[in-house]
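One letter stands for each residue in the lines below.
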Amino acid sequence: AAFIDTLTFTVKEDVFIRPDQLGTEEEIACNVSADLADIMGFGLFAKQNGRNGYTTSYKMGSEVANYGFVAMGGAKQRGTVCIYFTGEGLVAAKDGWETRLYHFIKDYAPFARITRCDLAHDFLNGEYTPERALKDWENGLYTSRQSCPVAECAGSDWLINEGRGKTFYVGSRKNSSRFARIYEKGKQLGDKESSWVRVELEMKNRDLIIPHEVLIEPGRFLTGAYPIFEQLFREFDEVIAKLERIKKIQDVGHEHVLKYASM
């Protein structure tokens, strides 16, 4: 019932050091790039400044496309490599990347830590909406373990419908290991008439371990997050095909450009 929209994980540098190598930064970067090319269909593009506490990072993608980054180096990072994929990068990845990455981790990096994973489901025709999510929250359908999570309505359309879109947040992004977003994706992309809604679950490893199985069974983790998701994704238990999602994004972007070009 879900696809992975964002992924961050860390592995030990040793995973990317071949037996006949010294383990220099250049060697590690080359091996990371080669392994990612086999798994995802793309490797490292350009060296950048450090980020997330690491001394060095490498961009994935191109001059205009941001597929994510790989970061390494730094005394406090305990000899790890951080790999981050954007939603754009995961859309661009070769089909079947989830299974290939899962087996790579199981075979070569069993102690890899998934630090963040965003799961998503698209309702292209607005079968589920932020308004309904608010009512479900009020009725206790987002309550787990007798604890009702905080919630927030964001976006000016809650007051005056101007086609800018509404978002309903569940949980605290700063303190929670689980944080849900139900938002009008089509309107976010610029189509004021779009009924496209996206449900996203952001998982972080603050007080939980994110199992590697999320790579191959994302729907199970999305469905189990809240009682309403178990009900909702029993009915809507298949994700929109990647090609259909890509076409939808292109169509919305095309309509957006035409509108402002005419103005």
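Everything numeric in this text was worked out from a predicted model, so none of it was measured.

> Talk me through helix 7 (residues 227-235); I want residue IDs and the actual numbers.
The set of residues buried in helix 7 consists of Ile-228, Phe-229, Leu-232 and Phe-233. Each buried residue of helix 7 sits inside an arc of 110° when the element is viewed along its axis, so together they form one side. Turned more than 90 degrees away from the buried face of helix 7, the exposed residues are Arg-234 and Glu-235. In this structure, the buried side of helix 7 is in contact with strand 6 (113-123), helix 4 (130-138), strand 10 (197-204) and helix 6 (218-223).

> Before we move on, could you go through the nonpolar core and cite the residues and values that matter?
Judged by nonpolar contacts, the single largest core of 60 residues is most densely connected at Leu-7 and Phe-85. It is helix 1 (residues 25-40) that provides the largest number of residues to this core, a total of six residues. Once you skip the residues sitting within four places of it in the chain, Phe-85 turns out to touch Thr-6, Leu-7, Phe-9, Leu-36, Met-40, Phe-42, Met-60, Tyr-67, Gly-68 and Leu-90.

> Break down the pattern of salt bridges for me, citing the residues and quoting the values.
Throughout the structure, instances matching the rule amount to 20 salt bridges. In this structure, Glu-217 engages Arg-220 in a salt bridge whose closest nitrogen and oxygen atoms are separated by 3.0 Å. Via salt bridges that share partners, Asp-5, Arg-116, Asp-118, Asp-122, Arg-173, Arg-181, Arg-198, Glu-200, Glu-202 and Lys-204 belong to a single interconnected network.

> Requested: an account of the packing of aromatic side chains, with residues and values cited.
Tallied over the full model, the rule gives 14 aromatic pairs. Summarising the aromatic geometry, the rings of Phe-9 and Phe-85 are spaced 6.5 Å apart at their centres and angled 35° between planes, so their arrangement reads as tilted. In this pair, Phe-9 is assigned in strand 1 (residues 3-12) and Phe-85 in strand 5 (residues 80-85), connecting sequence segments 76 residues apart. In this structure Phe-9 comes out as buried when scored by relative accessible area, which is 3%. Considering the side-chain rings of Phe-123 and Phe-233, the 6.2 Å spacing of their centres and the 25° angle between planes classify their relative orientation as stacked. In this pair, Phe-123 sits in strand 6 while Phe-233 sits in helix 7, placing the two residues 110 residues apart along the sequence.

> A description of the layout of surface pockets should follow, citing residues and the corresponding values.
Considered as a void within the structure, the largest pocket measures approximately 510 Å³ in volume. The wall of the largest pocket is formed by 24 residues, among which Arg-145, Ser-177, Arg-178, Ala-225 and Tyr-226 lie closest to the centre. Those elements that provide at least two residues to the lining of the largest pocket are strand 10 and helix 6. A class-by-class count of the residues in the lining of the largest pocket yields 13 nonpolar, seven polar and four charged. Estimates place the volume of the second largest pocket at around 360 Å³. Listed by contribution, the elements that provide at least two residues to the lining of the second largest pocket are strand 1, strand 5 and strand 6.

> Account for unusual backbone geometry, naming residues and giving values.
For Asn-52, which is not glycine, the phi torsion reads 55° and is therefore positive. Within the fold, Asn-52 resides in the loop between strand 2 (44-49) and strand 3 (56-61). Classification of Asn-52 as exposed rests on a relative accessible area of 55%. One non-glycine residue, Arg-78, adopts positive backbone phi at about 55°. Note that Arg-78 resides in the loop between strand 4 (66-72) and strand 5. The exposed category is assigned to Arg-78, whose relative accessible area is 70%.

Conventions adopted
- Residues numbered from 1 in each chain as written.
- Predicted model: local features only at pLDDT ≥ 70, side-chain atom pairs only at ≥ 80, totals over all residues.
- Heavy atoms only, no water.
- Buried < 20%, exposed > 50% of the residue type's maximum accessible area, 1.4 Å probe, protein only.
- Helix = DSSP H or I, 4+ residues; strand = E, 2+ residues; numbered from the N terminus.
- Arc of directions from axis to C-beta.
- Contact = heavy atoms within 4.5 Å.
- Core = buried A, V, L, I, M, F, W, Y, C linked by side-chain atoms within 4.5 Å.
- Salt bridge = Lys/Arg side-chain N within 4 Å of Asp/Glu carboxyl O.
- Phe/Tyr/Trp six-rings, centres within 6.5 Å; stacked < 30°, edge-to-face > 60°.
- 1 Å grid on protein atoms, 1.4 Å probe; cavity = no way out; pocket = protein on both sides within 12 Å on 5 of 7 lines; lining within 4 Å.
- Points joined across faces, edges and corners; volume = space filled by probe spheres on them.
- Nonpolar A, V, L, I, M, F, W, Y, C, P; charged D, E, K, R; others polar.

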